[in-house]
Amino acid sequence: MTITIIIAICILLLIAYTFDLTTAKTKIPSVILLLIFGWGIRQLSELFEIKIPDLVPLLPLFGTLGLVLIVLEGALDLEMNKSKFTLVKKTVISAVISMFVLAFAFAFSLHYYYDFPFKIALVNVIPLCVISSSVAIASAGNLAGNTKEFIIYESSLSDILGVLFFNFIALNEMITLHSFGEFGLQLVIMFVISLIATIGLSFLLSRIDHPTKYAPIIILMILIYALSEIYHLPALIFILFFGLFLGNIGELRKIKIFNIKSKNDLVLEVDKFRDIVREGAFLIKAFFFTLFGYSFHTEEIINHDTLALAFIVTASIFVVRFLILYFTRIPIFPLLYISPRGLITILLFFAIPGFQAISLVNKSLIIQVIIITSVIMMIGMMVTKKPKEQEQKLVDEQLASGSKSKQDKVFE
């Protein structure tokens, strides 16, 4: 039995790796293939009456670990300097406006048409309003320049803001000035923790000479994240802060505490750490999405009761995204297509307190929105041609400034 499980896990991971290899050529997100793969395993197991242990309860565990590693992986690849200020500002605007407009519009609709309490409706719709960094960042690997960085920043910020927004609404029975005061205090505390923990972990990374050095850093990082979550602190801020800090360690070498080793040695350590994180993110993501696909029942995917609502939700997502990109003078294509729902959507959906859950926002709706947004992203990436070097340079300049692109002027 043990050998059989080992063989099954090895085959699963090799197939997942094959999906990752083919994504660049097929433009089919590996996430979609993993979901289909997991669903296919369920169909075969039922057809041949093969008993598979129920691993679905492990979804929140794999999801949380995957979220941490994926956000860290994306943050490690980002450059922070003055030239990126406009780009970062645009990603913040896009992430914030998109989430709040969609959340309040969906919640108002549920309140007005179905008479759900507005606060309860808001808790239930927030998971549908957050861009999934696990899906978006993986797809952004085929993009270049500021376009790729825009996706990484935007999706990571969307995840962080989505968790903050969800916790704030779900954990406060009444939204008062006191609630906002507590929320502001939590942010301050998390920033202080992030600064201290980041400096401490970076110090350890530069000083540990033992052959095993990266695993303890990752374990400590996850421990800090988990402890912060227990006290309902915005723990993803720490992950993003830590990743940005390490990813830009070369820019910070003038600070005395980081002169323990030469610049090259420290940068080399960060490069090795980045590789370990990337490998870990791949493993966790493969398990999570395969397991989530396995949890699908066919009737949930083709549930006619929620299909129309799923298309309305998806259409709203892309209409709002188009308007935001247009009015903020951000190049529309291919960014318009990259607004998938995924891991963070699932985690927040599972986190909805039982007494606040409503039947209209159910697993079928979540699955359908995830699939439809991922398919739209896949088709969009397929029809989008890779820009030439000069065209990419022009797009990078547009993202770093406020000028409009030629494609934007078509819509004027």
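On a predicted model such as this, the values are computed, not experimentally measured, just so you know.

## Observations concerning the overall build of the protein
Move 1: Broken down by element type, the protein carries 17 helices and 0 strands.
Move 2: Out of the 412 residues in the protein, the part that is buried amounts to 49%.
Move 3: Considering only intrachain contacts with a sequence separation of at least 6, the fraction spanning at least 24 residues in the protein is 82%.
Move 4: Just so you have it, the protein exposes about 20100 Å², and 69% of that area is on carbon and sulfur atoms.

## Notes on helix α13 (residues 304-327)
Move 1: Taking 1.5 Å per residue, 24 residues should reach 34 Å; α13 reaches 35 Å between its end C-alpha atoms and fits that length.
Move 2: Listed in full, the buried residues belonging to α13 are Thr306, Ala310, Val313, Thr314, Ile317, Phe318, Val320, Arg321, Ile324, Leu325 and Tyr326.
Move 3: A side-chain oxygen of the first residue of α13 lies 3.0 Å from the backbone nitrogen of Asp305; this N-cap is Asn303.
Move 4: Following α13 by one or two positions, Arg329 has its phi on the positive side, about 60 degrees.

## Describing the confidence of the model for the protein
Move 1: Mean pLDDT over the protein: 80, with 87% of residues reaching 70 or higher.
Move 2: Contacts for the low-pLDDT stretch residues 405-412, under 50 throughout, to residues beyond four places or in other chains number 18 contacts.

## Structural notes on the packing of aromatic side chains
Move 1: Taken as a whole and assessed by the stated rule, the structure comprises 21 aromatic pairs.
Move 2: Note on Phe19 and Phe37: the rings are 6.2 Å apart at their centroids and 80 degrees apart in plane angle, and the pair reads as edge-to-face. Pair noted here: Phe19 is in helix α1 (residues 2-26) and Phe37 is in helix α2 (residues 30-47), with a separation of 18 residues, a long-range link.
Move 3: Seen in terms of ring centroids, Phe242 and Phe273 are 6.1 Å apart; in terms of plane orientation they differ by 75 degrees. Their pairing is edge-to-face. Placement of the pair is Phe242 in helix α10 (residues 236-247) and Phe273 in helix α11 (residues 263-294), with a sequence separation of 31 residues.
Move 4: Over the ring of Tyr294 we find Arg42, and its NZ or CZ is 4.6 Å from the ring centre.

## Concerning the pattern of salt bridges
Move 1: Under the criterion given, the structure shown has 5 salt bridges.
Move 2: A salt bridge links Glu73 to Arg278, with the nearest nitrogen and oxygen atoms 3.5 Å apart. With Glu73 in helix α3 (residues 59-76) and Arg278 in helix α11, this pair connects stretches of sequence that are 205 residues apart.
Move 3: Residue classification places Glu73 among the buried positions, given a relative accessible area of 16%.

## Structural notes on the packing of helix α8 (residues 177-207) against helix α9 (residues 214-230)
Move 1: The N-to-C vectors of α8 and α9 enclose an angle of 170 degrees; their axes lie 10 Å apart at closest approach. It follows from the interaxial angle that α8 and α9 lie roughly antiparallel. Between α8, through Met190, Ile193, Ala197, Leu201, Leu204 and Leu205, and α9, the contact on the second element is made entirely by Tyr214, Ile217, Leu220, Met221, Ile224 and Ser228.

## What to know about unusual backbone geometry
Move 1: Residue Asp115 is not a glycine yet carries a positive backbone phi of 65 degrees.
Move 2: On the secondary structure map, Asp115 appears in the loop between α4 (85-114) and α5 (118-125).

## Remarks on a nonpolar patch on the surface
Move 1: A surface patch of nonpolar side chains, amounting to about 650 Å² of accessible area, comprises Phe203, Leu204, Leu220, Leu223, Leu227, Ile230 and Tyr231.
Move 2: Those elements giving two or more residues to the nonpolar patch turn out to be α8 and α9.
Move 3: Here the element with the most residues in the nonpolar patch is α9; it accounts for 4 residues.
Move 4: As for its placement among the helices and strands, Leu223 is situated in helix α9.

## Re the nonpolar core
Move 1: Residues Ile126, Met221, Ile239, Phe242 and Phe273 are the most contacted members of the largest nonpolar core, which totals 119 residues.
Move 2: Looking at which element gives the most residues to this core, the answer is helix α7 (residues 145-171), with 13 residues.

## Observations concerning the packing of α13 against helix α15 (residues 363-383)
Move 1: Put simply, α13 and α15 touch, their axes get as near as 9 Å, and they point 45 degrees apart. As far as their axial angle goes, α15 and α13 are oblique. Between α13 and α15 lies a crossing of right-handed hand. Listed contacts from α15 to Thr306, Leu307, Leu309, Ala310, Phe311, Val313, Thr314, Ile317 and Phe318 of α13 are Ser364, Leu365, Gln368, Val369, Ile372, Thr373 and Ile376.
Move 2: A class-by-class count of the residues in the contact of α13 with α15 yields 11 nonpolar, 5 polar and no charged.

## Describing the environment of Leu87
Move 1: Mapped onto the elements of the fold, Leu87 is located in helix α4.
Move 2: The buried category is assigned to Leu87, whose relative accessible area is 1%.
Move 3: On a C-alpha basis, the gap between Leu87 and Asn146 in space is 7.7 Å, while along the polypeptide they are 59 residues apart.

## Considering the side chain of Asp159
Move 1: Among the structural elements, Asp159 can be located in helix α7.
Move 2: Notably, Asp159 is buried but unbridged: the nearest opposite-charge side chain belongs to Arg341, and the N-O separation is 8.9 Å.
Move 3: In this view, Asp159 contacts Leu67, Val71, Val130, Ile131, Ser132, Ser133, Leu236 and Ile344; residues no more than four positions away in its chain are not counted.

## Concerning α4
Turn by turn, an α-helix covers 3.6 residues, leaving residues three or four places apart pointing in a common direction.
Move 1: Along its 30 residues, α4 runs 43 Å from first to last C-alpha, staying within 8% of the 44 Å computed at 1.5 Å per residue.
Move 2: Two residues or fewer after α4 comes Asp115, characterised by a positive phi angle close to 65 degrees.

## Focus: the side chain of Ser155
Move 1: With respect to the helices and strands, Ser155 occurs in helix α7.
Move 2: Of the polar contacts made by the side chain of Ser155, one reaches the backbone oxygen of Ile151; its length is 2.7 Å.
Move 3: Setting aside its immediate chain neighbours within four residues, Ser155 contacts Ile131, Ser132, Ser133, Ala136 and Ile137.

Calculation criteria
- Residues numbered from 1 in each chain as written.
- Predicted model: local features only at pLDDT ≥ 70, side-chain atom pairs only at ≥ 80, totals over all residues.
- Heavy atoms only, no water.
- Helix = DSSP H or I, 4+ residues; strand = E, 2+ residues; numbered from the N terminus.
- Buried < 20%, exposed > 50% of the residue type's maximum accessible area, 1.4 Å probe, protein only.
- Contact = heavy atoms within 4.5 Å.
- Areas by Shrake-Rupley, 256 points an atom, 1.4 Å probe, with all protein chains shown as cover.
- Expected span 1.5 Å × (residues − 1).
- Polar contact = N/O pair within 3.5 Å; in protein donor to acceptor, adjacent residues only side chain to side chain.
- pLDDT = per-residue confidence, 0-100.
- Phe/Tyr/Trp six-rings, centres within 6.5 Å; stacked < 30°, edge-to-face > 60°.
- Lys NZ or Arg CZ within 6 Å of the ring centre and 35° of its normal.
- Salt bridge = Lys/Arg side-chain N within 4 Å of Asp/Glu carboxyl O.
- Axes fitted to C-alpha atoms, helices over the stretch in contact; angles between N-to-C directions.
- Parallel < 35°, antiparallel > 145°, perpendicular 65-115°, else oblique.
- Patch = residues over 30% accessible without salt bridge, like charges linked within 9 Å, V, L, I, M, F, W, Y side chains within 5 Å.
- Core = buried A, V, L, I, M, F, W, Y, C linked by side-chain atoms within 4.5 Å.
- Left-handed = near helix turned anticlockwise from the far one by under 90°.
- Nonpolar A, V, L, I, M, F, W, Y, C, P; charged D, E, K, R; others polar.
- Lys, Arg positive; Asp, Glu negative; His and termini not counted.

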